[in-house]
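# Inside the fold
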2 protein chains.
Amino acid sequence: SRMQQEKPLVSDFLFRQLFDTTSSTYTYLLADTTTKEAVLIDPVFEHAVRDAQLCKDLNLSLKYAMNTHMHADHITGSGVLKKITGCKSLISKASGAAADIHVDESDVVQFGRHILKIFATPGHTNGCLTYYSPEQGIAFTGDTLLIRGCGRTDFQEGNSATLYQNVHEKIFTLPPATKLYPAHDYKGLTVTTVDEEKRLNPRLTKSLEKFIEIMDNLNLPYPKMIDKAVPANRVCGVFEVSTE
Amino acid sequence: SRMQQEKPLVSDFLFRQLFDTTSSTYTYLLADTTTKEAVLIDPVFEHAVRDAQLCKDLNLSLKYAMNTHMHADHITGSGVLKKITGCKSLISKASGAAADIHVDESDVVQFGRHILKIFATPGHTNGCLTYYSPEQGIAFTGDTLLIRGCGRTDFQEGNSATLYQNVHEKIFTLPPATKLYPAHDYKGLTVTTVDEEKRLNPRLTKSLEKFIEIMDNLNLPYPKMIDKAVPANRVCGVFEVSTE
Ligand SMILES: [Fe+2]
Ligand SMILES: [Fe+2]
């Protein structure tokens, strides 16, 4: 059989997927249920209060509001979450965005006894990271790899050859049953696996040459939010938030 | 500590949550990864092709398209899925809806080696069911219990006292760490637990009298889709689908 056995999450690892219908963005709350330390991956500005409330409801202490990259389609919730919860913001050094903590390939994010390994997976932007938990068999791919798709490469520092190489070398080489959680989905899907994308991704199963051709011919509209979101995200999403 | 350890899913149990942004409906794909038998809970008409494709992508054979109740806010995908995949439709006897299989309290839904126990949890409608997997520690509550909310009780055969009683007797008595997956969420939340709702549900933590008063004073608008959805769902959502 082709289907790989999925790895069950261990019982002291809390996982919650959250959604923003406006930008179709997924936010992820992860926590160590023993120590109560938590992280939020790709929080959205408009949902910072919801996310902080959920941490409170679950008696969690938010350690990091972290981003997979500097988003162009929504404003990050990191800045507001810092103010509400006292957490630190975290993003890649290569993103060019302000944050309390800058990370890079082979750094590790720790909360309680749990860790996320970091892979630099540029291509959609220069600063795109993939966060990977080997113990749970899950990875957060941001916009690098989407379910049956991938992030666009025609703005910010987009480079389709780089994206292709990083997906093939750093994501498709993870165990086949690894669950992949993207930053977005537009069809109501919530998760995929390495095995599925290696078999079924309509773009990334193609040759590099064909992939570049596909990406060069998407003819996508100019991103609605980019002129507002990128400057805001460069300063952690806080430019609109009063310091009072 | 108040937090209950969540039960990890066993590795031969596939679980996928799917979303319809129009009606904010969650559909659930469950499968036995050994035998490949699968069920879809609360499929949505407009996503039947997506759902059938996902079954195909995962090499699954769809056994049942099953509903928690006769929905008033969207048309079920059961009828279309029957035509595309050859699956059987399944709903409660008390729903009054046509289906291949009618079930009731203490019946069991089986796919591969996995089972879902059935609780009759009327109150939102007469035919509302909750599907429960004791082994996985998960339950599908339909509109009976939503995350920090519950289904409305002011149309179809709604009865707030009945809903309250069923939630307290049949859902809140499950193990506290049981994960509860609702038919809808309007804030981007995807899951809750028995423990959370017993502590935090703003309606169902109240006394029965107070709950009835809350439900009597919601002043909700007449449901947009009801005049189209209920007649369609009474015949399994197939009235619009050509038999060709
Ligand atoms: Fe992006
Ligand atoms: Fe309903």
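These figures come from a predicted structure and were not determined experimentally.

What counts, and where the lines are drawn
- Residues numbered from 1 in each chain as written.
- Chains lettered and ligands numbered in written order.
- Predicted model: local features only at pLDDT ≥ 70, side-chain atom pairs only at ≥ 80, totals over all residues.
- Heavy atoms only, no water.
- Helix = DSSP H or I, 4+ residues; strand = E, 2+ residues; numbered from the N terminus.
- Rg over C-alpha atoms; globule rule 2.2 N^0.38 Å.
- Buried < 20%, exposed > 50% of the residue type's maximum accessible area, 1.4 Å probe, protein only.
- Contact = heavy atoms within 4.5 Å.
- Areas by Shrake-Rupley, 256 points an atom, 1.4 Å probe, with all protein chains shown as cover.
- Lys, Arg positive; Asp, Glu negative; His and termini not counted.
- Charge placed at Lys NZ, Arg CZ, Asp CG, Glu CD.
- Pairing = 2+ DSSP bridges.
- Axes fitted to C-alpha atoms, helices over the stretch in contact; angles between N-to-C directions.
- Donors = N, O, S within 2.8 Å, 3.2 Å for Na, K, Ca; no water.
- Salt bridge = Lys/Arg side-chain N within 4 Å of Asp/Glu carboxyl O.
- Parallel < 35°, antiparallel > 145°, perpendicular 65-115°, else oblique.
- Left-handed = near helix turned anticlockwise from the far one by under 90°.
- Nonpolar A, V, L, I, M, F, W, Y, C, P; charged D, E, K, R; others polar.
- pLDDT = per-residue confidence, 0-100.
- Buried area = accessible area lost by both parts, 1.4 Å probe.
- Polar contact = N/O pair within 3.5 Å; in protein donor to acceptor, adjacent residues only side chain to side chain.

With that settled, consider the overall build of chain A. A tally of helices and strands in chain A yields six helices and 12 strands. Its C-alpha atoms give chain A a radius of gyration of 17 Å, near enough to 18 Å, the size a compact globule of 244 residues would have. Taking all 244 residues of chain A together, 60% fall into the buried category. Here the analysis covers contacts within chain A between residues at least 6 apart in sequence; of these, 63% occur between residues at least 24 apart. Here chain A has roughly 9500 Å² of accessible surface; of this, 52% comes from carbon and sulfur atoms. Positive and negative side-chain charges in chain A, numbering 26 and 29 respectively, have mean positions lying 3 Å apart.

All names here are of chain A. Pairing is mixed across the open sheet formed by six strands, whose spatial order is β1-β2-β3-β4-β5-β6. The sheet is open, and its two edges are formed by β1 (13-20) and β6 (101-103), each paired on a single side. Each strand of the sheet is rotated relative to its neighbour by a mean of 25°, with strand direction disregarded. Direction of pairing for β1 relative to strand β2 (residues 25-32): antiparallel, over a ladder of eight bridges. Along β2, the bridge assignment pairs L14 with A31. Together, β1, β2, β3 (37-41) and β4 (61-66) form the strand contacts of helix α1 (residues 48-57), whose direction differs from that of β1 by roughly 160°. The sheet strands contacting helix α2 (residues 78-85) are β3, β4 and β5 (88-92), and the helix crosses β4 at an angle near 160°.

Residues and elements named next belong to chain A. Those donors, H69 (NE2), H124 (NE2) and D143 (OD), are the protein atoms that reach the iron ion (ligand 1), and they lie 2.0 to 2.3 Å from it. One chain supplies every donor to the iron ion (ligand 1), and in sequence these donors are spaced H-x54-H-x18-D. On the criterion of sequence distance, the pair formed by H124 in the loop between β8 (114-120) and β9 (129-133) and D143 in the loop between β10 (138-142) and α3 (160-171) is long-range, its members being 19 residues apart. In this structure H124 comes out as buried when scored by relative accessible area, which is 4%.

The next subject is the pattern of salt bridges. Inspection of the entire model under this criterion finds 25 salt bridges over all chains. A salt bridge links D57 of chain A to R148 of chain B, with the nearest nitrogen and oxygen atoms 3.0 Å apart. Of this pair, D57 of chain A sits in helix α1 while R148 of chain B is found in the loop between β10 (138-142) and α3 (160-171), placing the two residues in two different chains. In this structure, E197 of chain B engages R148 of chain B in a salt bridge whose closest nitrogen and oxygen atoms are separated by 2.7 Å. Of this pair, E197 of chain B sits in helix α4 (residues 194-200) while R148 of chain B sits in the loop between β10 and α3, placing them 49 residues apart in sequence. Side by side, E197 of chain B and R148 of chain B carry an identical accessibility label, which is buried. One connected set of salt bridges, linked through shared partners, spans R16 and D57 of chain A together with R148, E196 and E197 of chain B.

Residue and element names in this part refer to chain B. The interhelical angle for the contact between helix α1 (residues 48-57) and helix α2 (residues 78-85), taken along N-to-C directions, is 45°, at an axis separation of 9 Å. For the element pair α1 / α2, the angle class is oblique. Considering only the axes of α1 and α2, their crossing is right-handed. Of α2, the residues touching α1 (which contributes A48, V49, D51 and A52) are V80, L81, I84 and T85. Of the residues in the contact of α1 with α2, the class split is six nonpolar, one polar and one charged.

Averaged over every residue, the pLDDT of chain A is 94; residues scoring 70 or more account for 95%. Our summary of model confidence lists the complex with pTM equal to 0.94 and ipTM equal to 0.92.

Moving on: the coordination of the iron ion (ligand 2). Bound to the iron ion (ligand 2) are the protein donor atoms H69 of chain B (NE2), H124 of chain B (NE2) and D143 of chain B (OD), situated 2.0 to 2.4 Å from the metal. For the iron ion (ligand 2), the donor residues sit on a single chain with the sequence spacing H-x54-H-x18-D.

A separate point is the sheet that holds strand β11 (residues 179-182) of chain A. Residues and elements named next belong to chain A. Reading across the sheet, the six strands line up as β7-β8-β9-β10-β11-β12 and stay open at both edges, with mixed pairing between neighbours. Whereas interior strands pair on both sides, the edge strands pair on one side only; in this sheet they are β7 (108-111) and β12 (192-193). Note: β8 against β9, four bridges, orientation antiparallel. Bridging across to β9, A120 finds its partner in L129.

A few words now on unusual backbone geometry. Peptide bonds are, in most cases, trans, and in most cases residues other than glycine have a negative phi. Residues and elements named next belong to chain B. Positive phi, close to 60°, is recorded for R148, a residue that is not glycine. Overall, the relative accessible area of 17% leaves R148 in the buried class. We note that N219 has phi near 50°; this positive angle belongs to a residue other than glycine. Examined against the element boundaries, N219 turns out to sit in the loop between α5 (208-216) and α6 (226-234). N219 sits in the exposed class, given a relative accessible area of 70%.

This part takes up the environment of P182 of chain B. Residue and element names in this part refer to chain B. One can find P182 in strand β11 (residues 179-182). Residue class for P182 comes out buried when judged on its relative accessible area of 2%. For the pair P182 and G96, spaced 86 residues apart in the sequence, the C-alpha separation amounts to 22 Å.

The interface is formed by 35 residues belonging to chain A together with 35 residues belonging to chain B. Summed over both partners, the interface of chain A with chain B buries about 3000 Å², with 49% contributed by carbon and sulfur atoms. Summed over the shared surface of chain A and chain B, the result is four salt bridges. Remark: the boundary between chain A and chain B carries 14 residue pairs in polar contact (both at pLDDT 80 or more). Among the secondary structure elements, those contributing two or more residues to the side of chain A that touches chain B are β1, α1, β12 and α4 (194-200) of chain A. Residue contributions to the side of chain A that touches chain B peak at five residues, all from β1 of chain A.

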